[in-house]
Amino acid sequence: MRVAPKIELTDEERAALTKLWRSGLTSVRLAQRARIILLADQGLNNKDIAAQLGIGRMQPARWRERHLQGGIKAIERDLPRGAPPVKVDVAQLVQLTTQSSPEAITHWSTRKMGTLLGVSASTVMRHWHAHGLKPHLVHSFKVSRDPQFAQKLEDIVGLYMSPPEHALVLCCDEKSQVQALDRTQPGLPLKKGRAQTMTHDYKRHGTTTLFAALNVLDGQVISQCQQRHTHVQWLKFLKQIDRETPKDKTLHLIADNYATHKHPVVQDWLAKHPRFHMHFTPTSASWLNMVERFFRDLTTERLRRGVFTSVPQLVAAIDEYVAHHNTNPKPFIWTKSARDILQKVIRANSRLSSKQNGTLH
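The sections below set out a description of the structure shown in this document. This is a predicted model, so every value here is computed, not measured.

### What to know about the nonpolar core
Grouped together as the largest cluster of nonpolar side chains are 37 residues, with contacts concentrated most on Tyr160 and Cys171. Looking at this core, the elements with two or more residues in it are helix 9 (149-161), strand 1 (167-183), strand 2 (202-215), helix 12 (291-303), helix 13 (311-327) and helix 14 (338-360). For this core, the element with the highest residue contribution is helix 13, accounting for seven residues. Once residues within four sequence positions are removed from consideration, Cys171 is found in contact with Tyr160, Ala212, Ala213, Leu214, Val216, Ile254, Asn289, Met290 and Val291. Ranked by size, the runner-up nonpolar core spans 20 residues in total, among them Cys172, Phe211, Leu253 and Ala255.

### Topic: the side chain of Gln226
Mapping Gln226 onto the fold places it in strand 3 (residues 221-226). According to the relative accessible area criterion, Gln226 is buried, its value standing at 9%.

### With respect to the packing of helix 3 (residues 46-53) against helix 4 (residues 58-70)
Where helix 3 meets helix 4, the closest approach of the two axes is 8 Å, and the angle between their N-to-C directions is 120°. Judged by the inter-axis angle, helix 3 sits oblique to helix 4. In this structure, helix 3 crosses over helix 4, and the sense of that crossing is right-handed. Together, Asn46, Ile49 and Ala50 of helix 3 and Pro60, Ala61 and Arg64 of helix 4 make up the contact between the two elements. The residue makeup of the contact of helix 3 with helix 4, split by class, is four nonpolar, one polar and one charged.

### What to know about unusual backbone geometry
Phi at Ala104 takes a positive value of approximately 65°, unusual for a residue other than glycine. Structurally, Ala104 is set in the loop between helix 6 (90-99) and helix 7 (110-117). A positive phi angle, close to 60°, is found at Ser284, a residue other than glycine. Along the polypeptide, Ser284 turns up in the loop between strand 5 (276-280) and helix 12. Overall, the relative accessible area of 31% leaves Ser284 in the partly exposed class.

### Observations concerning the packing of helix 10 (residues 231-244) against helix 11 (residues 264-272)
At a minimum axis distance of 9 Å, the contact between helix 10 and helix 11 shows a crossing angle of 20°. Taken as axis vectors, helix 10 and helix 11 run roughly parallel relative to one another. The interaxial crossing formed by helix 10 with helix 11 has right-handed handedness. In this structure, helix 10 uses His231, Trp234, Leu235, Leu238, Lys239 and Asp242 to contact helix 11, whose residues at the interface are Val265, Val266, Trp269 and Leu270.

### Notes on the pairing of strand 3
For strand 3, the buried fraction is high: five of the six residues fall into the buried class. Remark: five residues form the turn of the hairpin made by strand 2 and strand 3, two consecutive strands paired antiparallel; Gly219 in that turn has positive phi of roughly 90°.

Cut-off values and rules
Residues numbered from 1 in each chain as written. Predicted model: local features only at pLDDT ≥ 70, side-chain atom pairs only at ≥ 80, totals over all residues. Heavy atoms only, no water. Core = buried A, V, L, I, M, F, W, Y, C linked by side-chain atoms within 4.5 Å. Buried < 20%, exposed > 50% of the residue type's maximum accessible area, 1.4 Å probe, protein only. Helix = DSSP H or I, 4+ residues; strand = E, 2+ residues; numbered from the N terminus. Contact = heavy atoms within 4.5 Å. Axes fitted to C-alpha atoms, helices over the stretch in contact; angles between N-to-C directions. Parallel < 35°, antiparallel > 145°, perpendicular 65-115°, else oblique. Left-handed = near helix turned anticlockwise from the far one by under 90°. Nonpolar A, V, L, I, M, F, W, Y, C, P; charged D, E, K, R; others polar. Pairing = 2+ DSSP bridges.

Printed below as a string of structure tokens:
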């Protein structure tokens, strides 16, 4: 027959437990535990204590054992429930995330990192958020290697921030190969509880090229859609700009280094029209041309979800969008100075150089 271990209290322990039992400020659970230990000190076994207090026999056994192990402190609070929390080495987690990758995989996920470190995915996510780590994202970039980058940058940004008097600054570019896409099946419209649907595959009915010139002053756009993208079409667009702009204004056109813009025929025409002044963006720096912002709006707001069964239908949609834009145009405001941009490019070049040197060595 199992006999409960004997409890022998000192006078101080007995007085402290009696105080807990009789105090009106003590919680009911703690007062009951103190009473259990006092009765055990009197020599009662667990069965008799349970009968006297009207509780289960396991409770006297549990608190008798706890008191023997840790004294009064052991009965003041419950043991923590569940498994003990797993601690993660945050420094190791950050180092693995930023300086390594899983085997045969390009980047970490919360589950893969959690499996490696023996913690939950939510724990990994919490520490990633705290340290600003986003392994699932990658941002694209391209640093211009144009030897005249600084001069071209200052020239174009100067036109944006301090445009010359009695002149118009026009950002010109082509959005080539705009596709007239028709979906293979009709989609369902947007309704409550369901997004608009569209098939992932499509039928292509031809392409067009959009020539556009954005007026930096007021945001007006001069546009023209043509089938090809050669110096002939570019020259045709320049003539349209000449017709639709005030004759007494000097025109400063910002364009990229595409060979079409520098064709000898185009150069001859520009020489005969001295009010046209060309400013070319640096190589791999089309972001300096503000008409790219208009092209992005056109793509997201009209083209990407559009359904076009023919090129004329596509051209009509583009013309309609441009006409609607010109009814209430809003100019894009350039705020970054050439000095700030140049400093950022210098920092990017220095980091790229250090990476390349590290790879070579």
